[in-house]
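# Observations on the model geometry
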Amino acid sequence: MNYTLDNGENLHREFPETFYLPTREAREALLPGEIVKVIFRFSIGDEVHVERMWVCVQSRAEGGYIGLLNNDPYCTKELKSGASIAFGPEHVIQIYEQPAKV
């Protein structure tokens, strides 16, 4: 099983009216503890599966971030929640916003 991360900026350029993307500035200013969604593309044998999953930012790395996968993919048991994921701002398609406390 291999996976890659889809480039959200490319998807936004291709479908600007329907593919929302946080600003580049927001995607470059992530802090440890923030949760972001990225698109995983899995190659399993001859099949390709695509899943959007949450990753919790742990630290900054050269060119991006290191985070921990925050859920399990449906298509494979080889990658599990807690796995270390390297990603860049271009991979972030959503930033989780905490609900306001009342």
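It should be noted that the structure appears before, not after, this text.
Among the structural elements, E90 can be located in the loop between β5 (84–87) and β6 (92–95). Sequence separation of E90 and P73 is 17 residues, and the distance between their C-alpha atoms is 21 Å. With sequence-adjacent residues up to four places away left out, E90 is seen in contact with D6, N7, G8, E9, R24 and R27.

With that out of the way, let us pick up the pairing of strand β2 (residues 35–44). Note: strand β1 (residues 2–5) against β2, four bridges, orientation antiparallel. Following the sheet pairing, L5 is matched in β2 by F40. Where β2 and strand β3 (residues 47–61) come together, 10 bridges link them in antiparallel fashion. Looking at β3, one finds that V38 is bridged to M53. What sits between β2 and β3 in their antiparallel hairpin is a turn of two residues, with G45 showing a positive phi close to 60°. One ladder, built from three bridges, connects β2 with β6; its direction is antiparallel. From the neighbouring strand, V38 faces β6, where its bridge partner is V92.

Quick look at the side chain of K37 now. Examined against the element boundaries, K37 turns out to sit in strand β2. Nearest to the buried, unbridged K37 among oppositely charged side chains is E51, at 11 Å. In contact with K37, not counting residues within four places along its chain, are R52, M53, W54, H91, V92, I93 and Q94.

Moving on: the environment of R24. Along the chain, R24 turns up in helix α2 (residues 24–28). Spatially, the C-alpha atoms of R24 and R60 are 16 Å apart, while their sequence positions differ by 36 residues. Beyond its immediate sequence surroundings of up to four residues, R24 is in contact with E9, P89 and E90. There is a polar contact of 2.2 Å between the side chain of R24 and the side chain of E9.

So, how was this worked out
- Residues numbered from 1 in each chain as written.
- Predicted model: local features only at pLDDT ≥ 70, side-chain atom pairs only at ≥ 80, totals over all residues.
- Heavy atoms only, no water.
- Helix = DSSP H or I, 4+ residues; strand = E, 2+ residues; numbered from the N terminus.
- Contact = heavy atoms within 4.5 Å.
- Pairing = 2+ DSSP bridges.
- Buried < 20%, exposed > 50% of the residue type's maximum accessible area, 1.4 Å probe, protein only.
- Lys, Arg positive; Asp, Glu negative; His and termini not counted.
- Salt bridge = Lys/Arg side-chain N within 4 Å of Asp/Glu carboxyl O.
- Polar contact = N/O pair within 3.5 Å; in protein donor to acceptor, adjacent residues only side chain to side chain.

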